[in-house]
Amino acid sequence: MTGSRPRASRAAAARARKGDVETDLAVYEAIRRALLMGRLLPGTKLAEPALARVLRVSRERVRKALHRLAHEGWLETVPNRGTFVPALTIQEVREIYEVRTMLETGIVQRLCRGHDNGVAQRLRAHVAEERTALRNDDRGRLFGLSGDFHLLLAELLGNDQLTRLMRGLLTRSTMHFSLAAPERFHNCAGPHDHADIVKAVLARDARKAAKLMLDHLVGLAEWQSSWRPPPIPIALEDAFRGIDASGPVRD
């Protein structure tokens, strides 16, 4: 009897720690999802007390999530002022897409020169996930997958330096894309383009794959360069409508 109590206590403590980790992750995902849905506008200050109230969690959990998001580049912290949603100038958008164009047209050309069935399966599976998110009108999921698609292309080349560089570029541009994206997508510069790019890569048509990627990125840059913030900021409660720290959107 006496020997079982420590084991039971350890098991209970382990479950508590697991619950803490899961809740911390849920808070992080809730804030990131609001960013990807375009609900948190550039320049918005994310104050811990207000977020804790809206998400119904402790300030400590919010603080952890904000710290992680800032470390990953989703947010920026200004000393003595707080944590903010970063604002991209038109010039920054154009510069990011200029670099992305140079890198990603080369990436798809390299993939065309050599890939195996494993690469083909991962690309097809990703496109299938995007189509599901599009059918479900799950914009947060769709925009996250959109950025992940471009990162996946880099990862498939097996170059860690390239993947790290792409991840930094995609964090800022994916979030800004979520602000500028239209309510309904058409076949230009939207997620539909990814399926065409994958088809060209799997056909080993390097010229077509590079042209499709170029057109895709140019279209994205044009969207984002023309975006203007709404005249009335979105209230924090509205930004997190349908989002909480315990699960996905409840629309």
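Residues numbered from 1 in each chain as written. Predicted model: local features only at pLDDT ≥ 70, side-chain atom pairs only at ≥ 80, totals over all residues. Heavy atoms only, no water.

### Examining the overall build of the protein chain
Test applied: Helix and strand assignments come from DSSP, with helices taken as H or I runs of at least 4 residues and strands as E runs of at least 2, each series counted from the N terminus. Relative accessibility thresholds used throughout: buried, under 20% of the residue-type maximum; exposed, over 50%; partly exposed, between the two (1.4 Å probe, protein chains only). The contact criterion used is simple: two residues touch if any of their non-hydrogen atoms lie within 4.5 Å. Per-residue accessibility takes into account occlusion by the displayed protein chains alone, with areas from the Shrake-Rupley method and a 1.4 Å probe.
Scanning the protein chain from terminus to terminus reveals ten helices and two strands. The 251 residues of the protein chain split such that 45% are buried. Sequence-distant contacts, at least 24 apart, represent 76% of the contacts inside the protein chain between residues at least 6 apart. As presented, the protein chain carries roughly 13800 Å² of accessible surface, and 51% of it is formed by carbon and sulfur atoms.

### Some details on the confidence of the model for the protein chain
Defined as follows: What pLDDT expresses is the predictor's confidence in each residue, scored from 0 to 100.
Mean pLDDT over the protein chain: 84, with 84% of residues reaching 70 or higher. Here residues 11–16 is modelled with pLDDT under 50, and outside its nearest four sequence neighbours on either side it reaches zero contacts, counting other chains as well. Here residues 247–251 scores under 50 on pLDDT; set against residues more than four positions off or in separate chains, the count is eleven contacts.

### Focus: the environment of Ala-200
For Ala-200, the location among the structural elements is in helix H8 (residues 192–202). By relative accessible area, which is 4% here, Ala-200 ends up buried. For Ala-200 and Leu-212, which are twelve residues apart along the polypeptide, the C-alpha to C-alpha distance reads 8.5 Å. Residues in contact with Ala-200, not counting those within four places in the same chain, are Cys-112, Asp-205, Lys-208, Ala-209 and Leu-212.

### Some details on the packing of aromatic side chains
Note the following rule: Stacked, tilted and edge-to-face pairs are distinguished by plane angle, under 30 degrees for stacked and over 60 for edge-to-face with tilted covering the rest, among Phe, Tyr and Trp rings (Trp via its six-membered ring) whose centres lie within 6.5 Å. Sitting over a ring, as applied to charges here, requires NZ of Lys or CZ of Arg to be within 6 Å of the ring centre and within 35 degrees of the ring normal.
Using the criterion set out here, one finds zero aromatic pairs in the structure. A cation over an aromatic ring shows up here: Arg-68 above the ring of Tyr-28, its NZ or CZ 3.7 Å from the ring centre.

### Describing the side chain of Ser-173
The line we're drawing: Here a polar contact is recorded for every N or O atom pair within 3.5 Å, except that within protein the pair must consist of a potential hydrogen donor and a potential acceptor, and residues adjacent in sequence are included only if both atoms are side-chain atoms.
Here Ser-173 is to be found in helix H7 (residues 160–180). A distance of 3.0 Å separates the side chain of Ser-173 from the side chain of Arg-100, its partner in a polar contact.

### Observations concerning the pattern of salt bridges
Stated formally: When a carboxyl oxygen of Asp or Glu is within 4 Å of a side-chain nitrogen of Lys or Arg, the pair counts as a salt bridge.
Enumeration according to the criterion identifies 13 salt bridges in this entry. Connected through salt bridges with shared partners, the residues Asp-20, Asp-24, Arg-61 and Lys-64 form a single ionic network.

### As for the packing of helix H2 (residues 48–55) against helix H3 (residues 59–72)
Quick note on the threshold: The axes are straight lines fitted to the C-alpha atoms, using for helices just the contacting stretch, and the angles between their N-to-C directions are given from 0 to 180°. Small angles under 35 degrees read as roughly parallel and large ones over 145 as roughly antiparallel, with 65 to 115 read as roughly perpendicular and the rest as oblique. Crossing handedness: left-handed means the near helix sits turned counterclockwise from the far one by under a right angle, and right-handed means the same turn made clockwise. When residues are grouped by polarity, Ala, Val, Leu, Ile, Met, Phe, Trp, Tyr, Cys and Pro land in nonpolar, Asp, Glu, Lys and Arg in charged, and all others, Gly among them, in polar.
In the contact formed by H2 and H3, the axes pass within 9 Å of each other and the chain directions differ by 110°. Relative to H3, the element H2 is oriented roughly perpendicular. Relative to H3, H2 is oriented so that their crossing is right-handed. Facing Glu-48, Pro-49, Leu-51 and Ala-52 of H2, the residues of H3 in contact are Arg-59, Val-62, Arg-63 and Leu-66. Among the residues making up the contact of H2 with H3, the classes are represented as five nonpolar, no polar and three charged.

### Describing the environment of Gly-144
Relative to the assigned elements, Gly-144 resides in helix H6 (residues 139–155). The exposure class assigned to Gly-144 is buried, which follows from its relative accessible area of 10%. Along the primary structure Gly-144 and Arg-32 are separated by 112 residues, whereas in three dimensions their C-alpha atoms are 9.3 Å apart.

### Considerations on H2
We count it as follows: The directions from the helix axis to the C-beta atoms are what the arc is built from.
Along H2, the residues that are buried comprise Glu-48, Leu-51, Ala-52, Val-54 and Leu-55. Down the axis of H2, the smallest arc covering the buried residues is 165°, so these residues share one side. Within two residues after H2, Arg-56 carries a phi angle of roughly 60°, on the positive side.

### Side note on helix H5 (residues 117–135)
To keep it simple, the criterion reads: In this analysis, the expected span of each helix is defined as 1.5 Å times one less than the number of residues it contains.
Here H5 contains 19 residues, and its C-alpha end-to-end distance of 27 Å stays within 8% of the 27 Å for a straight helix at 1.5 Å per residue. Listing the buried residues of H5 in full gives Val-119, Ala-120, Leu-123, His-126, Val-127, Glu-130 and Ala-133. Along H5, the residues classed as buried sweep out an arc of 160° about the axis, all on the same side. Those residues of H5 that are exposed and angled more than 90 degrees off the buried face are Asn-117, Gln-121, Arg-124 and Arg-135. Capping the start of H5 is the job of one residue whose side-chain oxygen sits 3.1 Å from the backbone nitrogen of Gly-118: Asp-116. One or two steps after H5, the chain reaches Asp-137, where phi turns positive at roughly 55°.

### Quick look at the packing of H5 against H6
Packing of H5 against H6 leaves a shortest axis separation of 9 Å and a crossing angle of 170°. What the angle tells us is that H5 and H6 run roughly antiparallel. Handedness of the crossing formed by H5 with H6: left-handed. Residues Arg-122, Leu-123, His-126, Glu-129, Glu-130, Ala-133 and Leu-134 of H5 touch H6, and the partners they reach there are Arg-141, Leu-142, Leu-145, Ser-146, Asp-148, Phe-149, Leu-152, Leu-153 and Glu-155. Classifying every residue of the contact of H5 with H6 by side-chain character gives eight nonpolar, two polar and six charged.

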